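The lines below spell out each chain.
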Amino acid sequence: MTAYHHPDSLEAALAMLARSPDAACLAGGQSLVAGMNTGLVRPPALIDLNRLDALRGIEVDADGGVAIGAMTTHDTVAREARFPGALALLAAAAGQIAHPAIRVRGTIGGSICHADPAADYPAVLVALDAAIEIARAEGRRTVPARRFFTGFLATDLRPGELVTQIRFPPFVGAAAYEKLRRSEGDFAIVSLALALQIDGGVCRRVGLAVGGCGSTPVRSDDADALLMGSTLDETAVAAAGTALAQATEPVDDVRASAAYRRLMIPRLLARAVARVRSR
Ligand SMILES: Cc1cc2nc3c(=O)[nH]c(=O)nc-3n(C[C@H](O)[C@H](O)[C@H](O)COP(=O)(O)OP(=O)(O)OC[C@H]3O[C@@H](n4cnc5c(N)ncnc54)[C@H](O)[C@@H]3O)c2cc1C
């Protein structure tokens, strides 16, 4: 039998996690409860985070940075109109997660802690160089998104820890989120998150990552370098797309073959660049 706890404060939740490090945090329940129903996960205890209002909400800093509480729902992020510059990528991606019924319950913290390779947030967080803030009873630590996702359904989170907030540094520019999926509401076959700063027609900053093509989001320093300093002409974008595809390790699964995924990456990149330039 699974014990159920519903703490009123972060401190109380962390104290419970310290006593029961194998307990599972319950956020929106959209992945966890489904896993429990099918018997895939059997946590000894649930620590419900839904009373922790301090973990909910979006802050936009004066310098253009953004902080999102772990318990903020996909729907809230999708509806946020204040994201500065390329951080609008967050709303674009959140609005494409699943169906409305899942978006009003599912949270950004739950999504990244579940770490499904086909989920929408992980590539966005990596592209935007987000920092994940993690708490435990004895203290706090911050992990870059690039190191947070460690494998299939696996993260850097240790027993006794929970995610409190995700911070995004300012990113002047514009962004596009491309999601290839079989049908409305489905997980991605391939997703591509792109943020660009373009000055005088020349690309000055790149945030680019792919999801659904390996156990964790993929970035490619080679692809970034091919875009940086270019005028984002067809040749540069095609070369970057090829470099990005080569950096991935997709697998065949029920949604698509690995070969199809690789083939689509340069096309999604070209589409995303065109979309950013039109903004
Ligand atoms: C039919 C369906 C379609 C979906 N389609 C998509 C899709 O297209 N794209 C997409 O990205 N996702 C999709 N999802 C997943 C959805 O986004 C979930 O909401 C998300 O994966 C989990 O968020 P949650 O808040 O419900 O977390 P929960 O299910 O409550 O928790 C998930 C995991 O994270 C842990 N956890 C939760 N919060 C914290 C925290 N703050 N700190 C530490 N650990 C924590 C839990 O213990 C659990 O292990 C879909 C889900 C369903 C059911």
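Note that the structure is predicted; figures quoted are calculated from it, not measured. (Residues numbered from 1 in each chain as written. Predicted model: local features only at pLDDT ≥ 70, side-chain atom pairs only at ≥ 80, totals over all residues. Heavy atoms only, no water.)

**Remarks on the site of the ligand**
Applicable threshold: Throughout, near means a residue has at least one heavy atom within 4 Å of the molecule or strand. Definition of a polar contact: a pair of N or O atoms within 3.5 Å, with one able to donate and the other able to accept a hydrogen when the atoms are protein atoms, and with sequence-neighbouring residues admitted only if both atoms are side-chain atoms. To measure how exposed things are, a 1.4 Å probe is used in the Shrake-Rupley method; for residues, cover is taken only from the protein chains shown.
The immediate surroundings of the ligand are formed by 31 residues, with C25, G29, L32, T107 and D120 found nearest. Interatomic distance of 2.9 Å between a backbone N/O atom of A27 and an oxygen atom of the ligand. Residue S111 places a main-chain N or O atom 3.4 Å away from an oxygen atom belonging to the ligand. With the chains in place, 87% of the 980 Å² that the ligand exposes on its own is no longer accessible.

**Focus: the side chain of D120**
Cut-off, in case you're wondering: Secondary structure elements are defined from DSSP: runs of H or I of at least 4 residues count as helices, runs of E of at least 2 residues count as strands, and each element is numbered from the N terminus. For every residue, the accessible area obtained with a 1.4 Å probe (protein chains only) is divided by the maximum for its type, and the residue is called buried under 20%, exposed over 50%, and partly exposed between those limits. In what follows, a contact means two residues having at least one pair of non-hydrogen atoms within 4.5 Å.
Position of D120 among the secondary structure elements: in the loop between helix 6 (108-114) and helix 7 (121-127). The exposure class assigned to D120 is buried, which follows from its relative accessible area of 4%. There is a polar contact of 2.5 Å between the side chain of D120 and the side chain of Y177. Separated by 2.9 Å, the side chains of D120 and K179 make a polar contact. Leaving out residues up to four positions away in the same chain, D120 has contacts with A93, Q96, I97, Y177 and K179.

**Observations regarding the pattern of salt bridges**
A side chain of one charge can pair with a side chain of the opposite charge if their charged atoms are brought near each other. Using the following cut-off: Each salt bridge in this description consists of a side-chain nitrogen of Lys or Arg and a carboxyl oxygen of Asp or Glu lying within 4 Å of one another.
As enumerated under the stated definition, the model contains 18 salt bridges in all. Here D120 ties to K179 by a salt bridge, and the two come within 2.9 Å at their closest N and O atoms. Of this pair, D120 sits in the loop between helix 6 and helix 7 while K179 sits in strand 11 (residues 174-180); the two residues are 59 residues apart in sequence, bridging distant segments of the chain. Taking the relative accessible area as the measure of exposure, K179 reaches 12% and is therefore buried. The partner of D129 in a salt bridge is R219, with the nearest N and O atoms 3.6 Å apart. Taken as a pair, D129 in the loop between helix 7 and strand 6 (131-136) and R219 in the loop between strand 13 (202-211) and helix 9 (221-227) lie far apart in primary sequence, 90 residues in all. Here D129 falls in the partly exposed class, since its relative accessible area comes to 43%.

**Considerations on the sheet that holds strand 1 (residues 3-5)**
As a reminder, the rule being used: Whether two strands pair depends on DSSP finding at least two bridges between them. Fitting a line to C-alpha atoms yields each axis, with helices limited to the stretch in contact; the angle taken between N-to-C directions then spans 0 to 180 degrees.
Pairing is parallel across the open sheet formed by 3 strands, whose spatial order is 1-3-2. Pairing within the sheet leaves two strands with one partner each, and these edge strands are strand 1 and strand 2 (24-26). Each strand axis lies, on average, 25 degrees off the axis of its neighbour in the sheet, ignoring direction. Note: strand 1 against strand 3 (residues 45-48), 3 bridges, orientation parallel.

**Section: the environment of T248**
Its location among the elements puts T248 in the loop between helix 10 (234-247) and helix 11 (258-278). Each C-alpha atom, one on T248 and one on P159, is 30 Å from the other, the two residues being 89 residues apart in sequence.

**Remarks on the packing of aromatic side chains**
Note the threshold: Geometry of aromatic contacts follows a simple scheme: Phe, Tyr and Trp rings, the Trp one being its six-membered ring, pair when their centres are within 6.5 Å, and the pair is stacked under 30 degrees between planes, edge-to-face over 60, tilted otherwise. In this analysis the charged atom, NZ for Lys or CZ for Arg, is taken to sit over a ring once it is within 6 Å of the ring centre and within 35 degrees of the ring normal.
On inspection of all chains with the given rule, the structure shows 1 aromatic pair. When the centroid spacing of 5.2 Å and the interplanar angle of 90 degrees are considered together, the rings of F148 and F149 count as edge-to-face. The pair F148 / F149 is uniform in exposure class, with both members buried. Over the face of the ring belonging to F171 we find R205, whose NZ or CZ atom lies 3.7 Å from the ring centre.

**Notes on the packing of helix 10 against helix 11**
Worth spelling out the cut-off: Any angle from 65 to 115 degrees is called roughly perpendicular, while one under 35 is roughly parallel, one over 145 is roughly antiparallel, and all others are oblique. By convention the crossing between two helices is left-handed if the near helix lies anticlockwise of the far one by an angle smaller than a right angle, and right-handed if it lies clockwise. Three residue categories are used. Nonpolar comprises Ala, Val, Leu, Ile, Met, Phe, Trp, Tyr, Cys and Pro, charged comprises Asp, Glu, Lys and Arg, and polar comprises the others, including Gly.
Interhelical geometry of helix 10 versus helix 11 gives an angle of 140 degrees and a closest axis separation of 8 Å. When the axis of helix 10 is compared with that of helix 11, the two are oblique. Once helix 10 is placed against helix 11, the crossing between them reads as right-handed. Contacts between helix 10 and helix 11 involve V237, A240, G241, T242, L244 and A245 on the former and, on the latter, R262, I265, P266, L269, A270 and V273. Here the contact of helix 10 with helix 11 is composed, by residue class, of 9 nonpolar, 2 polar and 1 charged.

**Quick notes on the sheet that holds strand 13**
As summarised here, the arrangement of the 3 strands in space is 11-12-13, forming an open sheet in which the pairing is antiparallel. Each edge of the open sheet carries a strand with a single partner, namely strand 11 and strand 13. Strand-to-strand twist in this sheet, taken as the mean axis angle between neighbours without regard to direction, amounts to 15 degrees. In this structure, strand 11 lies alongside strand 12 (residues 190-199), joined through 7 bridges in antiparallel fashion. In the sheet register, Y177 faces strand 12, and the bridge partner there is A193. The sheet strands contacting helix 11 are strand 11, strand 12 and strand 13, and the helix crosses strand 12 at an angle near 35 degrees.

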